[in-house]
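What follows is each chain in one-letter form.
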Amino acid sequence: MLLIAIPWLLLTSTGDPAKAGLVTLCQALPYVIVQVVVGPLIDRLGARRISVAGDAISAVAMILLAATPGPPLLMVMLCMACVGAADGPAVAAKHTLLPGATEDAGQPIERGTGMATVIERAATSAGPLASGVLVAAFGARTLWAVAVLFAAAALIGVTGQRVAGRSRPARPDGYLRQLRDGAGFLHRDRSLRAIVLMYVVTNFLDQAFLTVLLPVWAHGHGHGVAFVGLLSGVFGACAVFTAAIAAWIGARFPRRTVFLVAIIVAGVTRYVVLAADAPPTVVLLVFAVAGLGSGAACPIVEAVEAERVPDHMRGRVRTLIVAWAWAGIPFGGLAGAAMLTAGLGAALWACAAVYLAAVVHPGFRVSWRR
């Protein structure tokens, strides 16, 4: 909801798109930076506490914004920076709780990661829609709804069923030593290295695609923003469908085969169909199939991550993976604009080739055994 509400409210109140972009950066940059250093804190204090604290801080920041009529730009920037710095650790902490909760339920890890993917994809599809409706109806008062949701997340963390205690080192090392240990573990594990490299490249390309290449293609072919939104909505809805199937029966299928087929379909096909100047109906169909692939691939990759990281290191390794995965996102839009100097078609074909190499690499470098 914040991705829509804050930029839109700033744009309509100031008429300056640069201010909207600046505030978005204020939220995203702390989100990435804090991930690098907060991992040992999750392992020391426990993921549950960090999750509750992060959601509570975000709720307070939103309350401050909602309760201030016409807040100055500096206040908005500071509050959004607080949200980014608090929300990053909170999200990472929730992910570290997932393997233990799945194990306590006596279920295969694919079921836990599949259900989490279903909920996350559904929420990120519904959030922008709800935000648009609320902003149109209530304006800045929408921020009260965001504050309530953050507070509800903190309350769920406090009152929810506890995950059984996991193994912890009897005498934890110093904070910096734990950071080095997490980075060292990630560097030594060949499977995790391959997954992280894939994240870096594909997220970078997807950012260029979503922010520059896809809008330029749509505009050049006479399509409006509604068609771009339709493509994203169909992609997300289909991803929810196959993630639900993965949660149900995903553990029965060979991971490597499903991953390779699903991830190639999810990523490469979107670039190819635009580069080939396909008609709108074909583009829409390909995006739907790509969404099916995305929903099938994500639970498998997250299951492998969960299995390969020891219980007592999940916080610091998970946050480092997220930090690396987000590392190229701030530069994706700039790269997409630079690619257009060679022409839209050439840029799309080049992205398709690089994307294919990036997703095939972990297919043969990762140990997919359960």
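Residues numbered from 1 in each chain as written. Predicted model: local features only at pLDDT ≥ 70, side-chain atom pairs only at ≥ 80, totals over all residues. Heavy atoms only, no water.

A. A look at the overall build of the protein. From N to C terminus, the protein includes 14 helices and 0 strands. Secondary structure of the protein in N-to-C order comes out as α-α-α-α-α-α-α-α-α-α-α-α-α-α. Against the compact-globule benchmark of 21 Å for 370 residues, the protein has a radius of gyration of 21 Å, which places it among compact chains. For the protein, the C-alpha atoms occupy an extent of roughly 65 × 55 × 35 Å along the three principal directions. Looking at the protein as a whole, 46% of its 370 residues qualify as buried. Considering only residue pairs separated by 6 or more positions, the protein has 86% of its internal contacts joining residues 24 or more positions apart. As displayed, the protein has an accessible area near 17,500 Å², and 72% of this comes from carbon and sulfur atoms. (Helix = DSSP H or I, 4+ residues; strand = E, 2+ residues; numbered from the N terminus. Rg over C-alpha atoms; globule rule 2.2 N^0.38 Å. Buried < 20%, exposed > 50% of the residue type's maximum accessible area, 1.4 Å probe, protein only. Contact = heavy atoms within 4.5 Å. Areas by Shrake-Rupley, 256 points an atom, 1.4 Å probe, with all protein chains shown as cover.)

B. Highlighting a nonpolar patch on the surface. Together, Leu 3, Ile 4, Trp 8 and Leu 11 make up an exposed nonpolar region whose accessible area comes to about 410 Å². With respect to the secondary-structure elements, Leu 3 resides in helix α1 (residues 2-14). (Patch = residues over 30% accessible without salt bridge, like charges linked within 9 Å, V, L, I, M, F, W, Y side chains within 5 Å. Salt bridge = Lys/Arg side-chain N within 4 Å of Asp/Glu carboxyl O.)

C. The environment of Ser 13, seen in detail. Residue position: Ser 13 is located in helix α1. Taking the relative accessible area as the measure of exposure, Ser 13 reaches 57% and is therefore exposed. Residues Ser 13 and His 95 lie 82 residues apart in sequence; the distance between their C-alpha atoms is 36 Å.

D. Just the side chain of Thr 102, in detail. Tracing the sequence through the fold places Thr 102 in helix α4 (residues 73-104). A polar side-chain atom of Thr 102 sits 2.8 Å from the main-chain carbonyl oxygen of Leu 98. Thr 102 has contacts with Gln 107, Pro 108, Ile 109 and Gly 112, leaving out every residue within four places of it along the chain. (Polar contact = N/O pair within 3.5 Å; in protein donor to acceptor, adjacent residues only side chain to side chain.)

E. Fine view of the nonpolar core. Among the nonpolar cores identified, the biggest contains 50 residues, and Phe 209, Leu 214, Phe 259, Tyr 271, Leu 274, Val 283 and Val 317 are the most heavily contacted of them. Among the secondary structure elements, those contributing two or more residues to this core are α7 (175-188), α8 (190-220), α9 (225-249), α10 (255-275), α11 (280-308), α12 (314-326) and α14 (344-365). Ranked by size, the runner-up nonpolar core spans 23 residues in total, among them Leu 10, Val 23, Ala 66 and Val 135. (Core = buried A, V, L, I, M, F, W, Y, C linked by side-chain atoms within 4.5 Å.)

F. Spotlight on α10. Taking 1.5 Å of rise per residue, the 21 residues of α10 would be expected to cover 30 Å, and the 30 Å separating its terminal C-alpha atoms lies within 8% of that figure. Roughly 40° is the biggest bend found in α10, and it falls at Val 268. One or two positions beyond α10, positive phi appears at Asp 277, with a value near 55°. (Expected span 1.5 Å × (residues − 1). Bend = angle between axes of the 7 residues up to and from the residue.)

G. Region of the structure containing the pattern of salt bridges. Under the criterion given, the structure shown has 9 salt bridges. A salt bridge links Asp 189 to Arg 308, with the shortest nitrogen-to-oxygen separation between them at 3.1 Å. Of this pair, Asp 189 sits in the loop between α7 and α8 while Arg 308 sits in helix α11, and the two are 119 residues apart along the sequence. Accessibility expressed as a relative area gives 10% for Asp 189, which makes it buried. The salt bridge partner of Glu 307 is Arg 255, with a shortest N-O separation of 2.8 Å. Of this pair, Glu 307 sits in helix α11 while Arg 255 sits in helix α10, and the two are 52 residues apart along the sequence. A single network of salt bridges, built from pairs that share partners, joins Glu 110, Arg 255 and Glu 307.

All quantities given are derived from atomic positions and should not be read as evidence of function.
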